[in-house]
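Coordinate inspection notes
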Amino acid sequence: MSTDASSSKRRPLVTGVAGLAMVVLAIGLAVVGNILAFEQVRSVTTRLMTEATARAGQVAATANEQFPQRLASALRMVADHVRRRPNKTWEPPPRFPAWIDKLYVWNGTELRDLGAAGQENPAIASVVRNQVLAGPLEISAVAFTASPQIDFARADGEELVIAQLGSTDVDLNPMVVVAAISQARIEADFLRPLVSADDALQLAVTGADPDNGNHLDVPNSGSQNLAGALRIWAIQPAKAFVDDQRRTVLTQTLVYVGLTTVALGTLLLAMWFLTRVVRREVALAELKSGFVADVSHELKTPLALIRMFAETLRDGRVASDEKRQEYYEVILRESTRLTDLIHNILDFSRIEAGRKEYHLQTTDVAAAVEQTYATYRPQLEHAGFEHELRVESGLPSVDADRGAIAQILVNLITNAVKYSDDEKYVLIEVTSDTRRNRRGVLISVHDLGIGIAPEDRAMLTEGFYRASDSRVRGKAGAGLGLAVVRHIVDAHGGSLDVESRLVKGSTFRVFLPATPEPVTSEDKTDGANTDR
Ligand code: ADP
């Protein structure tokens, strides 16, 4: 027995710990899931970045490889053109390479100007002529190789690449083709088209960062008389692409964290809700078990009294008529109490089983209340209560079950008597109620008793509920009366309100809606007139 009891006591604790462990597990899993998801996003974006950097390297390598080749083939095309003119007119080629700014041919004695692409830039021409070609070119020094010799110069803020390719003229005399190309053109006509094919890449002019593997690395053949340097271009992942990746990581992180927070919040809310429901169910189960004890006590006491007084009367042991009358009263009062209790129990069980039926008919509520009041008057007086019934005249009739109305009043009056201490006063009022666009009858039962604590009010109409106040527990009761009252009120489409202050007393108000007035043809006409 004792083992069972202690294990049943431990069960809620074990369940609580298990529930807590589950919440902790859920939070842990959510956090781990979050970290994994975040890592996943991070690794994907890192991979994309690495791939973009690798592609940038490939494009730079292609550029480095292609630039001298394209330069050489353009210069060779010019040399071929010049060589094919036997009269040495050395006219500019018909297809002037678009990205070469200025062309010259040097044959060892003479420097021929082959013109410029589009509008001639005098600054470029003058720099090439005065600085680059000022000293007689050592033709022998120019290697007759497949690759051009490349130098740099600056003209009027313009950075130039000077490319020289050694060749021979038609008589097999040595000849040098010299081209000046502005670096802006290299950038616009050669590099940009290479880079723009890939959205993730961008071309940047970086001061000087030869360590960056992705720069365009045009070899400077190092001529002594040329100054200047090549611009350093870097091909790298585009800023927009990098920003995009960063934004993706951030957005995904926020989405994951947000969703997890909402999920955890919902979980905690559900836990809280469940705990509430479970607590309520446990409380109800306790109330039900208390009910058996209460009811047994409630039945035993009046039965014992009835039996005792009946036996005394039967044995003729009562001398005076007055005493006899008093005993009859006790028997009557106690049997009424028993009847009331049994009514409540039977009604409550019918309500619980969904079998409770009401027979609604047009009822004069005032008359029903007056009748019940008259029945309970002697009880009130015997208990030493000052009592009053106020009934307003001209009350609307109500569609109600007369017996159920009596039951409402019996329960409210009995409670007022039970839960009053020294201030013994009960006021019953029956008034018409037209507040808040409603029309009906209000039955109020007011006492100056012990009152109800605010925390108990919400539960009062739950079956088996009794306030934890010791003064309530001291009185017999099953906690069913108000549950039955609320059911009756609901079934009549009415409402039940309680106003109460501890020690000051309570007022229970039952509103029952009036019988709807039949709509006569006259009313209809009136309505139509009003509408207009
Ligand atoms: P019972 O009276 O048998 O306990 P009820 O359903 O009639 O059951 O009432 C439920 C609880 O509401 C009571 O136990 C008591 O705590 C409280 N209560 C009801 N009426 C009053 C009242 N007039 N004054 C103070 N408390 C009341």
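Scroll up for the structure.
For the structure given in this document, a descriptive report is provided here. (Residues numbered from 1 in each chain as written. Predicted model: local features only at pLDDT ≥ 70, side-chain atom pairs only at ≥ 80, totals over all residues. Heavy atoms only, no water.)

1. As for the site of the ligand
Lining the immediate surroundings of the ligand are 20 residues, of which Asn415, Tyr419, Asp447, Arg466 and Leu482 lie closest. Within the backbone of Ala478, a nitrogen or oxygen atom sits 3.0 Å from an oxygen atom of the ligand. One of the backbone nitrogen or oxygen atoms of Gly481 is found 3.2 Å away from an oxygen atom of the ligand. If the ligand stood free it would expose 530 Å²; the protein chains cover 97% of that surface. Secondary structure elements with two or more residues in the shell around the ligand: α7 (402-418), α10 (481-491) and β14 (505-513). Partitioning the shell around the ligand into residue classes produces 11 nonpolar, 6 polar and 3 charged. (Near = heavy atom within 4 Å. Polar contact = N/O pair within 3.5 Å; in protein donor to acceptor, adjacent residues only side chain to side chain. Areas by Shrake-Rupley, 256 points an atom, 1.4 Å probe, with all protein chains shown as cover. Helix = DSSP H or I, 4+ residues; strand = E, 2+ residues; numbered from the N terminus. Nonpolar A, V, L, I, M, F, W, Y, C, P; charged D, E, K, R; others polar.)

2. So, the nonpolar core
Judged by nonpolar contacts, the single largest core of 46 residues is most densely connected at Val365, Ile428, Ile443 and Val510. Residue contributions to this core reach at least three from each of two domains, namely domain 1 (1-293) and domain 2 (321-513). By size, the runner-up hydrophobic cluster in this structure holds 32 residues, among which are Leu71, Met175, Ile186 and Phe190. (Core = buried A, V, L, I, M, F, W, Y, C linked by side-chain atoms within 4.5 Å. Buried < 20%, exposed > 50% of the residue type's maximum accessible area, 1.4 Å probe, protein only. Domains from an automatic or database assignment.)

3. Brief notes about the pattern of salt bridges
The full count for this structure, using the stated rule, is 29 salt bridges. Across the pair Arg390 and Glu429 runs a salt bridge, and its minimum N-O distance is 3.7 Å. Highlighted residues: Arg390 in strand β9 (residues 386-391) and Glu429 in strand β11 (residues 425-433), separated in sequence by 39 residues. For Arg390, a relative accessible area of 39% translates into the label partly exposed. Residue Glu429 is classed as partly exposed on the basis of its relative accessible area of 26%. The network of salt bridges with shared partners includes Asp101, Arg185 and Asp189. (Salt bridge = Lys/Arg side-chain N within 4 Å of Asp/Glu carboxyl O.)

4. Quick word on unusual backbone geometry
One non-glycine residue, Phe464, lies in positive phi territory at about 75 degrees. Within the secondary structure, Phe464 sits in the loop between α8 (454-457) and α9 (470-473). In this structure, Val503 takes a positive phi of about 70 degrees despite not being glycine. Looking at Val503, the relative accessible area reads 60%, which means it is exposed.

5. Quick look at the sheet that holds β11
Ordered by their spatial adjacency, 5 strands build an open sheet running β9-β11-β12-β14-β13, and the pairing between neighbours is mixed. On the outer flanks of this sheet lie β9 and β13 (495-501), each paired with one strand and no other. Strand-to-strand twist in this sheet, taken as the mean axis angle between neighbours without regard to direction, amounts to 10 degrees. Examined bridge by bridge, β9 and β11 share 6 bridges and lie parallel to one another. Counterpart to Val391 in the pairing with β11 is Val430. Against the sheet, helix α6 (residues 365-382) touches β9, β11 and β12 (440-447), its axis set at about 175 degrees to β9. (Pairing = 2+ DSSP bridges. Axes fitted to C-alpha atoms, helices over the stretch in contact; angles between N-to-C directions. Contact = heavy atoms within 4.5 Å.)

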